[in-house]
Amino acid sequence: MNTYHKQYDVLVVGAGHAGCEAALAAARMGCETLIVTINLDTIAKMSCNPAIGGLAKGHLVKEIDALGGEMAKNIDKTGIQFRQLNTKKGPAVRSSRAQADKYAYQSEMKRVLERQPHLDIKQLLVDELLTENGKCIGILGHTQTAYLAKTVILTTGTFLKGLVHLGDVSYSAGRAGESSAEKLSDSFLSLGFEIGRLKTGTPPRVNAHTVNFDVMEIQPGDQQPRPFSFSTEQITQPQLPCHLTYTNEKTHQIIRDNLHRSAMYSGRITGIGPRYCPSIEDKVVRFADKDRHQVFVEPEGRDTDEIYLNGISASLPEDVQVDMVHSIKGLENAEIMRFAYAVEYDFAPATQLYPTLETKRVEHLYFAGQLNGTTGYEEAAAQGLMAGINAALKVRAEEPLILDRSQAYIGVLIDDLVTKDIREPYRMFTSRAEYRLELREDNADLRLTEMGRQINLIEAETYERFQIKRKLVEEEINRLEHTRLKPSLDTQTLLKSAGISEIGQPTSLAELLKRPEIHYGQIKQLASNSQPLPEVVEEQVEIQIKYEGYIDRQTTQIRQFKKMEHFRIPIDFDYTSVRSLKTEACEQLAKIRPISVGQASRIPGVSPADISILMVWVEQYKRQMQSQV
């Protein structure tokens, strides 16, 4: 075994969306960083859907940006269609989504990595983790060269013993056309980690020249596209349309007639698939009462004719896929360029991690992305960013950064993973966040940019713009709260001209804006600010004033939540010593090893009564430890 001449602070295995964010974060925080990947040409590859964001996922992307990550900036530069979702609903559930030019996206991300100071990039297949005295000290490549590092982050995606299924054909691959990592899982098992098996899939891609778009519903982007990144002033590139069509009874009959040939239904696949993004076989079986399912027809880029058929992920044989696609309106003559397939892969249940994403079993080793059982580029990138941050803080001997459920969707994501023993691919939804009125897309920078600046991930120029925005929001809210209108004849005339009903007593502009039918544009007609305000500032002012009562109520709930989160449990606490704990609760607590009473209360099988008992015993333990000092 040879040892590479250079030693690193942080070593990242895998260059998907998690790996890119992890490596960039560590390098930007001043750590000498190495990222290794099986193929340099597939850095940040969009293996499945060529899009970023979506319901709740857009929140994650905004938070990644607010902390200093790269995903939002990259999609702003390479997106081909931008849409704001749920615009008719409240601000808490509005989300951004952008169709990506998948090749431009990965090319641009590769360029960013290549030009990042303190970051080296190597093409390498990893066979083994190197450990010493319970700590990870590096990795062993397939060429038998050791690369040593103070911390290691694994972001292996679907490549651990990846197995691709297409009908009755199966072969080893991390994804179609690429090799899998066959030995690294064995290294996990030798270190005592638990390994499970998951499954995901992807739909067919067809040639645009063989698609009849005229008979489909066109889906254009927003006329005024909103950027993902708070540092992007505007989206200037032209947008491309997407289209919508549907499966039909003929499609469903073809699938039903061939279920025995599906890798999923023939028993060839043992891994658990994503509940919220099922294959078309699953849809037809589970939702038998549905006479059609949506198929989103999405371009994969500006300079390619490949079209992604979002909604018909499958593991059916090629001949069945041809019949299935040709049965769909507008796709009768579509030529399939890449067939759909399913892929099984090893994952490590995330209850083996601390909320920092460091493993409990091996110190200095971090897991992020699909390795932890998630699905989606955004969930992976969020974990990669946090793993990179915490690995860098570990190298610097500083306190870790842990976001709780009241601070960010990222906090919800990681807390769910490390606490709830999830055994199916995890996907983020707004419904998972108890405090979603506080965790909006529009205020991600106000929530998180200070943290990003403190750990040196936010540049001075970006931080200065953020401070200006925050100051303008505060000043405008203050102005509206202290500008009062008297019910004079002139005032009533002015109100009428602005489309606002009369007032019977002195009323502040803020009180007027709280009326459901009033918007900020009308307030400007009454008493505009002396300086024109950016649209994002006006939006933030309107949301904060209109929803003040609800936000205050949630803030009170968060204060109660924080009390439980701040009640820390020592890592070495012996749960078996606690009399009166139910056996199930004791086993679960010993397995998860929560860092706080708040986290303990969210563990399945732990009741409020168990928490009350636990708090008493933890207090006694802390007093005992203090008396011995």
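What you are looking at is a predicted structure, and each value in this text was computed from that prediction instead of being measured.

### Observations concerning the overall build of the chain
Then, in step 1: Across its full length, the chain holds 20 helices and 23 strands.
Then, in step 2: Relative to the 2.2 N^0.38 estimate, which gives 25 Å for 629 residues, the radius of gyration of the chain is 26 Å and therefore close to what a compact globule would have.
Then, in step 3: For the chain, the spread of C-alpha atoms along the principal axes amounts to about 85 × 80 × 50 Å.
Then, in step 4: Relative to its 629 residues, the chain shows a buried fraction of 57%.
Then, in step 5: The long-range share in the chain, meaning contacts at least 24 apart out of those at least 6 apart in sequence, stands at 73%.
Then, in step 6: Put simply, the chain shows about 26600 Å² of open surface, and 49% of that area lies on carbon and sulfur atoms.

### Structural notes on the sheet that holds strand β11 (residues 163-166)
Then, in step 1: The sheet built from four strands is open, its strands ordered β12-β11-β20-β13 with antiparallel pairing. The sheet terminates laterally at β12 (169-172) and β13 (196-202), the two strands that pair on one side only. In this sheet, adjacent strand axes meet at a mean angle of 25 degrees when their direction is disregarded.
Then, in step 2: Pairing geometry for β11 and strand β20 (residues 341-347), over three bridges, is antiparallel. By the bridge assignment for β20, Leu 163 is matched with Glu 344.

### Considering helix α17 (residues 548-566)
Then, in step 1: Look at α17: 26 Å from first C-alpha to last across 19 residues, which is about the 27 Å you get at 1.5 Å a residue.
Then, in step 2: When α17 is considered as a whole, its buried residues turn out to be Ile 551, Gln 554, Ile 558, Phe 561, Lys 562 and Glu 565. Summarising the axial view, the buried residues of α17 lie within an arc of 110 degrees, below the 170-degree limit, and thus occupy one face. Seen from the buried face of α17, the exposed residues on the opposite side, beyond 90 degrees, are Arg 553 and Lys 563.
Then, in step 3: On its buried face, α17 is in contact with α16 (535-546) and α19 (597-601).

### Quick notes on the side chain of Glu 300
Then, in step 1: Locating Glu 300 in the fold gives a position in the loop between β17 (294-299) and β18 (306-310).
Then, in step 2: Apart from the residues lying within four places of it in its own chain, the contact partners of Glu 300 are Pro 50, Ala 100, Asp 101, Lys 102, Tyr 103, Arg 205, Glu 306, Ile 307 and Tyr 308.

### Some details on the packing of helix α2 (residues 57-67) against helix α9 (residues 377-395)
Then, in step 1: At a closest axis distance of 9 Å, the pairing of α2 and α9 adopts a crossing angle of 25 degrees. Relative to α9, α2 is oriented roughly parallel. The hand of the α2/α9 crossing is left-handed. Of the residues in α9, those touching α2 at Lys 57, Leu 60, Val 61, Ile 64 and Leu 67 are Glu 378, Glu 379, Ala 381, Ala 382, Leu 385 and Met 386.
Then, in step 2: Split by residue class, the contact of α2 with α9 holds eight nonpolar, no polar and three charged.

### Thoughts on the pattern of salt bridges
Then, in step 1: In the structure shown here, the tally under the stated rule is 46 salt bridges.
Then, in step 2: The closest approach of N and O atoms between Arg 226 and Glu 539, which form a salt bridge, is 3.1 Å. In this pair, Arg 226 is assigned in the loop between β15 (217-219) and β16 (242-246) and Glu 539 in helix α16, connecting sequence segments 313 residues apart.
Then, in step 3: Note on Arg 226: relative accessible area 30%, which makes it partly exposed.
Then, in step 4: Residue Arg 405 is joined to Asp 415 by a salt bridge in which the shortest nitrogen-to-oxygen separation is 2.8 Å. Taken together, the positions of Arg 405 in the loop between α9 and α10 (409-419) and Asp 415 in helix α10 put the pair 10 residues apart, joining distant regions of the chain. We note that Arg 405, like Asp 415, is buried.
Then, in step 5: A network of salt bridges, in which partner residues are shared, links Arg 405, Asp 415, Asp 416, Lys 420, Glu 434, Glu 565 and Arg 602.

### Brief notes about the environment of Ala 510
Then, in step 1: Looking at the element boundaries, Ala 510 is found in helix α14 (residues 509-513).
Then, in step 2: Apart from residues lying up to four places away in sequence, Ala 510 is in contact with Leu 480, Glu 481 and Ile 545.

### Comments concerning unusual backbone geometry
For residues other than glycine, phi is negative in most cases, and the peptide bonds are mostly trans.
Then, in step 1: Look at Ala 44: it is not a glycine, yet its phi comes out positive at around 60 degrees.
Then, in step 2: Within the fold, Ala 44 resides in the loop between β3 (33-37) and β4 (51-53).
Then, in step 3: The backbone of Gln 144 sits at a positive phi, close to 65 degrees, despite the residue not being glycine.
Then, in step 4: What makes Gln 144 partly exposed here is its relative accessible area of 38%.

### Concerning the pairing of β17
Then, in step 1: Two strands pair when backbone bridges link them, and β16 and β17 are joined in this way by four bridges, in the antiparallel orientation. Paired with Leu 244 across the strands is Phe 296, a residue of β17.
Then, in step 2: Pairing analysis gives four bridges linking β17 to β18, with the strands arranged antiparallel. Bridge assignment links Val 297 to a residue of β18, and that residue is Leu 309.
Then, in step 3: Where β17 folds back onto β18 in an antiparallel hairpin, the turn is made up of six residues.

### What to know about empty space enclosed by the protein
Then, in step 1: Per the counting criterion, the structure on display carries two cavities of 30 Å³ or more.
Then, in step 2: As for the largest cavity, its lining consists of Pro 355, Met 386, Leu 401, Ile 402, Leu 403, Ile 410, Gly 411 and Ile 414.
Then, in step 3: If you tally residues by element for the lining of the largest cavity, the top one is α10, at three residues.
Then, in step 4: The class makeup of the residues in the lining of the largest cavity is seven nonpolar, one polar and no charged.
Then, in step 5: Each pocket or cavity is described by its volume, and for the second largest cavity that value is around 40 Å³.
Then, in step 6: Contributing to the lining of the second largest cavity are Phe 82, Arg 83, Gln 84, Ser 96, Arg 97, Asp 222, Arg 226 and Phe 228.
Then, in step 7: Elements that contribute at least two residues to the lining of the second largest cavity include exactly β5 (79-85) and β6 (95-100).
Then, in step 8: Ranked by residues supplied to the lining of the second largest cavity, first place goes to β5 with three residues.
Then, in step 9: Considering only residue class, the lining of the second largest cavity consists of two nonpolar, two polar and four charged.

### What about the layout of surface pockets?
Picture a little ball the size of a water molecule; that probe, rolled over the atoms, points out where space is still empty.
Then, in step 1: Within this model, the second largest pocket holds a volume of roughly 1300 Å³.
Then, in step 2: Looking at the lining of the second largest pocket, the elements with two or more residues in it are α2, α3 (71-78), α11 (444-454), α12 (460-482) and α16.
Then, in step 3: Here the lining of the second largest pocket is built from residues that sort into 16 nonpolar, 13 polar and 18 charged.

### Side note on the domain arrangement of the chain
Quoted interface sizes are often the accessible area lost when the parts come together.
Then, in step 1: You can read the domains of the chain as domain 1 (2-47 + 68-73 + 105-199 + 345-439), domain 2 (205-344), domain 3 (475-552) and domain 4 (567-628).
Then, in step 2: Between domain 1 and domain 3, the C-alpha centre-to-centre distance is 48 Å.

### A short note on the packing of α12 against α16
Then, in step 1: Running from N to C, α12 and α16 cross one another at 50 degrees; their axes reach a closest spacing of 9 Å. As judged from the angle between their axes, α12 and α16 are oblique. You can see that α12 and α16 cross each other, and the crossing is right-handed. Facing Lys 469, Leu 472, Val 473, Glu 476, Ile 477 and Leu 480 of α12, the residues of α16 in contact are Val 536, Val 537, Gln 540, Val 541, Gln 544 and Ile 545.

Basis of the calculations
Residues numbered from 1 in each chain as written. Predicted model: local features only at pLDDT ≥ 70, side-chain atom pairs only at ≥ 80, totals over all residues. Heavy atoms only, no water. Helix = DSSP H or I, 4+ residues; strand = E, 2+ residues; numbered from the N terminus. Rg over C-alpha atoms; globule rule 2.2 N^0.38 Å. Buried < 20%, exposed > 50% of the residue type's maximum accessible area, 1.4 Å probe, protein only. Contact = heavy atoms within 4.5 Å. Areas by Shrake-Rupley, 256 points an atom, 1.4 Å probe, with all protein chains shown as cover. Pairing = 2+ DSSP bridges. Axes fitted to C-alpha atoms, helices over the stretch in contact; angles between N-to-C directions. Expected span 1.5 Å × (residues − 1). Arc of directions from axis to C-beta. Parallel < 35°, antiparallel > 145°, perpendicular 65-115°, else oblique. Left-handed = near helix turned anticlockwise from the far one by under 90°. Nonpolar A, V, L, I, M, F, W, Y, C, P; charged D, E, K, R; others polar. Salt bridge = Lys/Arg side-chain N within 4 Å of Asp/Glu carboxyl O. 1 Å grid on protein atoms, 1.4 Å probe; cavity = no way out; pocket = protein on both sides within 12 Å on 5 of 7 lines; lining within 4 Å. Points joined across faces, edges and corners; volume = space filled by probe spheres on them. Domains from an automatic or database assignment.

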